[in-house]
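Descriptive structure summary
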Amino acid sequence: MEYVSTRGGGGVVNFEGALFSGYAPDGGLFMPQRIPSLDGDTLRRWSRLSYRELVKELCSLFITAELVPRSTLNDLIDRAFSRFRHKDVVHLSRLKDGLNVLELWHGVTYAFKDLSLSCTGQFLQYFLEKKQKHVTILVGTSGDTGSSAIESVRGQKNMDIFVLLPKGFCTQIQELQMTTVIEDNVHVFAAHGNSDEIDEPIKELFADVDFARKYNLMSLNSVNWSRIMVQIAHHFYAYFQCAPSLDTTPLPVVEIVVPTGGGGNITAGCIAQKMGLPIRLVAVVNSNDIIHRTIQHGDFSLSESVKATLASAMDIQEPYNMERILWLLSGSDSHLTKTLMERFSVSKSLMLPEDLHRKLSETLHSCSASDEDIVRAMQRCWKENCYPLCPHSAVAAHYHYLQTDGACLRQKSSCFSFLFSTPRCCLAPASAAKFQDALLRAGLVPQLPPEITALTAMETRSTPLEQGQDWTQTLREWIEATAQRR
């Protein structure tokens, strides 16, 4: 299994090369040169596997045994999930009126990113120990990625992690989960800007090839293929949990509803679909609706500004994983992908070619939710089930309620109508406990786990990045100084 850039440059790399690179040298994103295809018998056999076992099977398709022996791979994944609170790692809650909620948030930071990052951290450590190598990890976070990334590498002597968080755009709990980690290899920066603005200095440092090579820069954002790879398992597990029976031919379809920000999870779904999993994918977004507009109208263009919403981790205007989806749907056309992404990089506005838009709208469906929609979904789910949803999960529940209430029949412009007999699974990316303000706005009482309550009394450490300051240069100097102290 080899990996290539979505933009066609830089040749091929193996999994280790993709893992340590983040962005490809030509600015593209790594994707498998070939997507494995699974037949019905394999799917039926996999349907009996646990989530943990599914991750092992999927990863073994993308990581060769020559690179990581299968027994070692199994051990790394077992170690990755050892800190999860639920015995099954993830859990499906079956609620009233067909609302199936797949809880992906039973890891250390109560967010779905713990799943992929815990595995990625183990993969990194495996290769670094073999090669006696050190890496510098750069992460921009809109809320949950930063804390999950920190937890996956904290205390490791062969990794330094630099995390940029958008001050005022994260919840207090999300911020504390980052700033309370007082470890020598953890460096947190509180930037006075939004989540798209904090990505810019990271891109600039990666673009400085000599600097990136000297300090072994890499990313743990979902530009990193390893995260996408592990997230493919969410879709397989959701399908097997919700499919009525696998005894029929063809296999039944399950609709997977994916709260979408940077687009990593929906990209994983597209790959699962390409592998032969019979799923119908719905990307649900908040008021930052660039993915919704792209699917509906082919309009991949920025709005005037990022809107702050209750679903803060999805407050993203530049979903970089759309590049992977466009490459996949264009038949791996790297020349077209490069042309489109370079055009977008300059103008921040792009209309997809008609044929590519048609393929996108056939592959993905979409819906957007306002803060009012989010609050109503949270309230309704609590009233009907006594089940608290985080605001991101509520975006998916909003879509479900539109379907079950038949509202889509009256609002065809905002979402698609499907047969009500199709099973549906809503992915839940975070625990409601992390979003007290949203719960209070919905008139609900936050129930905080002791681990989260304890954060408010802990020592914090972070470095401010002010507007007008050269963030790229500041980061450059910190990385150089940290390397000299090592």
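Here the structure is a predicted model, which is why all the values come from computation and not from measurement.

Reading guide: rules and limits
- Residues numbered from 1 in each chain as written.
- Predicted model: local features only at pLDDT ≥ 70, side-chain atom pairs only at ≥ 80, totals over all residues.
- Heavy atoms only, no water.
- pLDDT = per-residue confidence, 0-100.
- Contact = heavy atoms within 4.5 Å.
- Buried < 20%, exposed > 50% of the residue type's maximum accessible area, 1.4 Å probe, protein only.
- Helix = DSSP H or I, 4+ residues; strand = E, 2+ residues; numbered from the N terminus.
- Pairing = 2+ DSSP bridges.
- Phe/Tyr/Trp six-rings, centres within 6.5 Å; stacked < 30°, edge-to-face > 60°.
- Lys, Arg positive; Asp, Glu negative; His and termini not counted.
- Salt bridge = Lys/Arg side-chain N within 4 Å of Asp/Glu carboxyl O.
- Polar contact = N/O pair within 3.5 Å; in protein donor to acceptor, adjacent residues only side chain to side chain.
- Axes fitted to C-alpha atoms, helices over the stretch in contact; angles between N-to-C directions.

Per-residue pLDDT for the protein averages 92, and the proportion of residues at 70 or more is 97%. Ignoring residues within four places in sequence, the model shows residues 413-419, a span with pLDDT below 50, making 26 contacts including any to other chains.

Both faces of strand E5 (residues 100-103) are covered, namely the face carrying Asn100 and Leu102 and the face carrying Val101 and Glu103. Where strand E4 (residues 91-94) lies against E5, 4 bridges are found, and the strand directions are antiparallel. Bridge pairing in E5 links Arg94 to Asn100. In terms of strand pairing, E5 meets strand E13 (residues 424-428) through 4 bridges, oriented parallel. Residue pairing in the sheet places Val101 in a bridge with Cys426 of E13.

Locating Gly8 in the fold gives a position in the loop between strand E1 (3-5) and strand E2 (12-13). Here the alpha-carbon distance between Gly8 and Gly27, two residues 19 residues apart in the chain, equals 9.9 Å.

Glancing now at the packing of aromatic side chains. A full pass over the atoms with the stated rule returns 17 aromatic pairs. Between the aromatic rings of Phe62 and Trp225, the centroid separation amounts to 5.4 Å while the plane-to-plane angle is 65 degrees, which identifies the pairing as edge-to-face. With Phe62 in helix H3 (residues 51-62) and Trp225 in helix H10 (residues 225-242), this residue pair connects regions lying 163 residues apart in the sequence. Among the residues examined, Phe62 registers a relative accessible area of 0% and is labelled buried. One aromatic cluster is present, built from ring pairs that chain together Phe15, Phe20, Phe123, Tyr126 and Phe127.

It is worth spelling out the side chain of Asp315 at this point. Looking at the element boundaries, Asp315 is found in the loop between helix H12 (290-297) and helix H13 (322-329). For Asp315, which is buried and forms no salt bridge, the nearest opposite charge comes from Lys307, at a distance of 9.4 Å. Only 2.9 Å separates the side chain of Asp315 from the side chain of Asn286, close enough to count as a polar contact. Here Asp315 is in contact with Ser195, Asn286, Asn288, Val306, Lys307, Ala308 and Thr309, once residues within four sequence places are set aside.

Taking burial as the measure, the 6 residues of strand E10 (residues 254-259) include 6 buried ones, the bulk of the element. Residues of E10 alternate between two faces, with Val254, Ile256 and Val258 on one and Glu255, Val257 and Pro259 on the opposite face, all of them buried. The pairing of E10 with strand E11 (residues 279-285) spans 6 bridges and is parallel. From the neighbouring strand, Glu255 faces E11, where its bridge partner is Arg280. Bridge count between E10 and E13: 3 bridges; the pairing is parallel. Within E13, the position partnered with Ile256 by the bridge is Cys425.

Right, let's talk about the pattern of salt bridges for a bit. It is possible for side chains of opposite charge to pair when their charged atoms get near one another. Taken as a whole, this structure holds 28 salt bridges when the rule is applied. Across the pair Asp355 and Lys359 runs a salt bridge whose closest N-O atoms are separated by 3.4 Å. Pair noted here: Asp355 and Lys359 are both in helix H15 (residues 354-363), with a separation of 4 residues, about one helical turn. Each of the salt bridges in this network shares a partner with another, and the network as a whole consists of Arg83, Glu151, Arg154 and Glu183.

Note that Ile266 resides in helix H11 (residues 264-274). Considering only alpha carbons, one finds Ile266 and Met378, 112 residues apart in sequence, at a separation of 22 Å. Excluding anything up to four places from it in sequence, Ile266 contacts Val258, Thr260, Leu281, Val282, Ala283, Ile325 and Leu364.

Spatially, the 6 strands line up as an open sheet ordered E4-E5-E13-E10-E11-E12, and their pairing is mixed. Strand pairing shows two members of the sheet lacking a second neighbour, E4 and strand E12 (364-368), which therefore form its edges. Between one strand axis and the next, the sheet turns by 25 degrees as a mean value, whatever way the strands run. Packing against the sheet, H12 makes contact with E11 and E12, and its axis sits at approximately 130 degrees to E12. Sitting on the sheet, H15 is in contact with E11 and E12, with an inclination near 75 degrees to E12.

A few words on the sheet that holds strand E9 (residues 217-219). Taking strand neighbours across the sheet as the criterion, the 5 strands line up as E9-E6-E7-E8-E14 in an open arrangement whose pairing is parallel. Each end of this open sheet is capped by a strand with a single partner; those strands are E9 and strand E14 (463-465). When the angles between neighbouring strand axes are averaged without regard to direction, this sheet yields 25 degrees. Summarising the sheet, strand E7 (residues 159-166) and strand E8 (residues 186-191) pair through 6 bridges and their orientation is parallel. In the strand pairing of E8, Ile161 is matched with Val186. Lying over the sheet, helix H7 (residues 172-179) contacts E7 and E8, oriented at roughly 155 degrees with respect to E7.

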